[in-house]
Amino acid sequence: MKTYELCWNSAYGWHHSVPASEPVALVLYFGATETLKEASLYARLRSDFPDAQILGCSTGAHIRGLAVEDEGAIGVAISFASTRVRVAATPIDAADQSFACGINIGTQLLADDLAAVFVLSDGLTTDGAGLAAGLSCVLPAGVPVSGALAADGARFGTTLVGANEPPGTGRIAAFGLYGTSVHCSYGSAGGWDRFGPLRRVTASHGNVLLELDGEPALDLYERYLGEEASGLPATGLHYPLSIHNTDDPDAQLVRTVLGVDRQTRSMTFAGSIAEGSTVQLMRGCHERLVDGAALAAHRALDERVGGRHEDRLALLVSCVGRRLLMGQRCEDEIEAVSAVLGTRTLQIGFYSYGEITPGSGPENCELQNQTMTITCISETAA
Amino acid sequence: MTAWHKLFTRQLDKATSTFGNLDLDLLGELVSATYEDADRDRRRVDRATSLMASELEELVQRREALVDELSVQHHRLEAALENMSQGLCMVDANGNLAVCNRKFADMLRVPSDACVAGAVFFGLLSHSPVFEDPASGALQRYAAEYFLMTCSNRRSNLQQSWFDGRVVSISHQPLPMGGFIETFEDVTEVRRADARIAHMALHDPLTDLPNRVLLYRHLQEALAGHPPARCALLYVDLDHFKTVNDTLGHAIGDELLQQAAVRLSGQIRAQDTVARLGGDEFALLLQSITGHDQIAALADRLIRSVSQPYELNGHEVVIGASVGIATAPDHASEPGELIRFADLALYTAKSTGRGRYCFFEPEMEESMRDRRTLELELRRAIIHEEFELYYQPFINLKPRRINGFEALLRWRSPTRGLIAPDEFIPLAEELGLIVPIGEWVLRQACRHAMEWAGHIRVAVNLSPVQFHRSDVVGAVRRALEESGLPPHRLELEVTESLMLQNTDVVLLTLHQLRAIGVSIAMDDFGTGYSSLSYLTMFPFDRIKIDRAFTNGIDQRPESLAVIRAVTGMCTSLGIVSTAEGVETATQMGLLDAEQCDEVQGFLFSRPKPKCDIEVLLASWNPAERTGTDRPAEKTVKGVL
């Protein structure tokens, strides 16, 4: 497997060092929403890599090497020795279609030698938990799924996803890797701290949270955000919710805010929050978030089986909430990841509205928020 | 050189162009932004910490309130548990005692300090004498049944009689989370009360003998065999019990019944049954009888035993007994029929003199049917006024004239024709129908007498039943008022049997009648055993000497002597003497010689209907009534 970094800027377009003869099979690109709207961005990629499967999405910021950039776009071109790539896509209009879309995507990618799936989804319409459930419903056990919900920085305005076409709204796309040579390893960790009392979800509908302990959810957040409440939903990222698992109290399932409705006093989260469940506010501490990123890298590394370092690609998906909290210091977590993975691993990624990570249980994947989720891809020699 | 902060280094890099030029403004912005981020972060932390503290404080208060509430609930639960009438225990899924109340410990006779939460339940039971005999260590015989229930996972109930006689009701309810809850209730008294009620339902409360229901049950069982067992049913009625009850009071009457019950019970075997049917009626069911003689002997013993004197609260009381007997399978094999036949036999025993026993005979049934038919017809006769009055004159001897007429009742039945009084009056008296009949006779006689001359009086017979069961004074008053008959023209004839019961009440009534203005005559004088003494009780206006003396006056010197004595007494007392049954001139002559005031009999006239009386009155010639002796005709005497 060979990987080549791609950089875009408005003046010069895509800049890369991919030989013309390289049989690029897969191109991934991530960038600011406004940047992805430029028609030439996709056109140039298609022109440069006519035979490749091209997928990309808008971000909250993108990760290139050790840097985090808010403007422009980055990408990676991958050629495989023997691994095949297939792409699937489906439109989505509403969150309650998420489960069906997951089934659709999973069905399109099904094959006996399917080794792994990476999914990019619209970040504002999708119920990430539903999407993950739909994928888990179709895909065989043992086929890991990772991915992300596209982002639009702290604006929560428009997210774009594209699969072999210019990126657009209301889409879910994924690529599958086929064959026995490809190896994927994963690591995901947060580092957020739970605080305060446990609260009961007294009213919710899917991924829309209505009430906590009989009080409108928005009231609680406005109280905690104080003067920052005017910045909702972005400022809501400072206080993700941890959903309590009575069977495994140490397990963390985190949900982050995507939107608010001041009329109904409700809040929309990246994934569903079941009525009657117990939740707890979380808050972040810079050092522990950085430690979390390092932990994610260790986890991805530990699961690594075989391969050579120079052929490893690490797709980093972090959460816009971490970006917002860490601010200018968010590169600390990228550096922490790089310190673990090594400088000879090509790191590329972005800040998303939600991370899809292989499940800790029997499911193929689950939605997480506020994590650093790392997908390492490598290929053993035939 | 100072090691700069990593962030500052990065900011310097960002603010430095590729040509190495430092953009101070940009650097300033980046650094300021960092400070602002830090400030915001600190404020956020302060705010969150403060809010969290408030929330935690509120949670603590709520928890304390909950704890207080729980404590109150706990005390209430404890109070409720300790005040339950039942013993209660709750055992957890591990078989350990979770909750129990003191009553539980008391009922199972285990120390209450052993009944602590966590105690092994079956270990506790092994120390209870209720389930394990402390002396032998053996399980009580009912323990296994309880243990089975305790181990089951179904809701169930059990009632047990424990070693010390207590009857305990135990309910077992498995719990959803495992374990169970049981309640123990001492129902000994309830069961005793139930048994008492059940006993009372089948036994007479006064004598504790089986009642009619239980007797019937025993009878059914006795006759249920194939072939039916030989048994006898004896119905026993205490003669003259009513008199004792009325004269000495109900308390004495009850004691009499109890003592009579004991005497009856003393005559039977263990397999036989004595029952009280109600009032003064008893029944005996004799199982496995050998024959007629055996039963007759027992009936005889019963009568003699019951007839022995009773000592009742200082009173010596003597009563008798009448017994009716029916046997199975000779007379009947069906309980209802056997009862009916015993009752018929008893009726016969009572109506043929009392103080005796009678075996059922098929003719009794026919006789009862006839009686019932006669009863129906008699009731109809009252409604349709099928009665008539015949009149027989009583003649004044000196001077010879008709003083009045005795009213004699006849019944002209549409089906039977003219019926004599002795064929229906006894039944009428028994049924109480004599009261409306008697009132009709009074009204009719008074009305008829109004059509006769003013010196003619009418005599009406009164039955003792009318005195004891109706307002005879009111009836006489109404008859006089409706007819307009002057009271002195009405005479009421009573027999001395009237004086046998409630003498004081009877005398009062006689005086009340007298006070109206009517005259009172004693009929059939000389036939009872207290005739003379009754004369001292009440100033009768007339004495009617019974026909038995008139009949023999010319043949038996004793009859003449009696008549002489009676007429002499009447003269001394100023009482009119009337001789009944005069059929010959010789008899009349002797009576005249003995200063008898009045005579009555076939010699002068048979009883005649009213229409014939006018003719008689119009054609009356005293001389024609003294003629030759005529053969006596049987007098049909009517009452009232």
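Above this text sits the structure in question.
The structure reproduced in this document is the subject of the present report.

On a plain count of helices and strands, chain A comes out with eight helices and 27 strands. Looking at the 382 residues of chain A, the share that counts as buried comes to 61%. Sequence-distant contacts, at least 24 apart, represent 79% of the contacts inside chain A between residues at least 6 apart. About 13500 Å² of surface is accessible on chain A, with carbon and sulfur atoms providing 50% of the total.

Turning next to unusual backbone geometry. Residues and elements named next belong to chain A. For the bond from leucine 232 to proline 233, the omega torsion is 5 degrees, close enough to zero to count as cis. Phi is positive for aspartate 213, which is not a glycine, with a value near 50 degrees. Looking at where aspartate 213 falls in the secondary structure, it is placed in the loop between strand S16 (208–212) and strand S17 (215–216).

Turning next to the packing of helix H7 (residues 212–223) of chain B against helix H11 (residues 335–351) of chain B. Residue and element names in this part refer to chain B. Contact geometry for H7 and H11: axes closest at 9 Å, N-to-C directions at 115 degrees. By crossing handedness, the relation of H7 to H11 is classed as right-handed. Residues Tyr216, Leu219, Gln220 and Leu223 of H7 pack against Pro335, Gly336, Leu338 and Ile339 of H11. Its residues assigned to classes, the contact of H7 with H11 comprises six nonpolar, two polar and no charged.

Our next topic: the packing of aromatic side chains. Residues and elements named next belong to chain B. Scanning the model with the defined rule gives 30 aromatic pairs over all chains in all. Ring plane angle 75 degrees and centroid distance 5.5 Å describe the contact between tryptophan 411 and phenylalanine 424, whose orientation is recorded as edge-to-face. Linking tryptophan 411 in strand S14 (residues 401–413) with phenylalanine 424 in the loop between strand S15 (417–419) and helix H13 (425–431), this pair joins segments that are 13 residues apart in sequence. Taken individually, tryptophan 411 and phenylalanine 424 each receive the classification buried, so the pair is uniform in this respect. Grouped by ring-pair contacts, the aromatic residues Phe104, Phe121, Phe122, Phe131, Tyr142, Tyr146, Phe147, Trp162, Phe180 and Phe184 constitute a single cluster. Here arginine 263 stacks its cationic end above the ring of tyrosine 310, 3.5 Å away from the centre of that ring. Above the face of the phenylalanine 394 ring, arginine 542 is positioned so that its terminal group lies 4.2 Å from the ring centre.

This part is about the interface of chain A and chain B. Between chain A and chain B, the contact holds 21 residues from the first and 21 residues from the second. The largest per-residue losses of area from chain A upon contact with chain B belong to A:Tyr224, A:Arg283 and A:Gln328, which jointly make up 33% of the total buried on that side. Its salt-bridge partner being A:Asp332, residue B:Lys6 comes within 3.5 Å of it at the nearest N-O pair. Scanning the region where chain A abuts chain B turns up 14 residue pairs in polar contact (both at pLDDT 80 or more). Secondary-structure elements contributing two or more residues to the side of chain A that touches chain B are helix H5 (217–225) and helix H8 (331–341) of chain A. Of all the elements, H5(A) adds the most residues to the side of chain A that touches chain B, at four residues.

Our focus in this paragraph is the side chain of B:Asp272. All names here are of chain B. Relative to the helices and strands, aspartate 272 resides in the loop between helix H9 (250–265) and strand S7 (273–278). Among the polar contacts listed, one links the side chain of aspartate 272 to the backbone nitrogen of glutamine 287, at a separation of 2.8 Å. Residues within four places of aspartate 272 in sequence aside, it is in contact with Leu285, Leu286 and Gln287.

On to the environment of B:His172. Residue and element names in this part refer to chain B. You can see histidine 172 is positioned in strand S4 (residues 167–174). Among all residues touching histidine 172, those that are not within four sequence positions of it are Met149, Thr150, Ser152, Arg154, Arg155, Ser156, Phe180, Ile181 and Glu182. Within the structure, histidine 172 has its side chain in polar contact with the backbone oxygen of methionine 149 (distance 3.4 Å). Side chain to side chain, histidine 172 and glutamate 182 meet in a polar contact 2.8 Å long.

With that settled, consider helix H21 (residues 585–593) of chain B. All names here are of chain B. Every buried residue of H21 is listed here: Ala585, Gln587, Met588 and Leu591. Buried positions in H21, seen along its axis, are confined to an arc of 155 degrees and lie on one side of it. In this structure, the buried residues of H21 make contact with helix H19 (547–551), helix H20 (557–573), strand S20 (576–579) and strand S21 (598–600). Where H21 terminates, the next one or two residues include glutamine 595, which has phi positive at roughly 65 degrees.

Conventions and cut-offs
- Residues numbered from 1 in each chain as written.
- Chains lettered and ligands numbered in written order.
- Predicted model: local features only at pLDDT ≥ 70, side-chain atom pairs only at ≥ 80, totals over all residues.
- Heavy atoms only, no water.
- Helix = DSSP H or I, 4+ residues; strand = E, 2+ residues; numbered from the N terminus.
- Buried < 20%, exposed > 50% of the residue type's maximum accessible area, 1.4 Å probe, protein only.
- Contact = heavy atoms within 4.5 Å.
- Areas by Shrake-Rupley, 256 points an atom, 1.4 Å probe, with all protein chains shown as cover.
- Axes fitted to C-alpha atoms, helices over the stretch in contact; angles between N-to-C directions.
- Left-handed = near helix turned anticlockwise from the far one by under 90°.
- Nonpolar A, V, L, I, M, F, W, Y, C, P; charged D, E, K, R; others polar.
- Phe/Tyr/Trp six-rings, centres within 6.5 Å; stacked < 30°, edge-to-face > 60°.
- Lys NZ or Arg CZ within 6 Å of the ring centre and 35° of its normal.
- Buried area = accessible area lost by both parts, 1.4 Å probe.
- Salt bridge = Lys/Arg side-chain N within 4 Å of Asp/Glu carboxyl O.
- Polar contact = N/O pair within 3.5 Å; in protein donor to acceptor, adjacent residues only side chain to side chain.
- Arc of directions from axis to C-beta.

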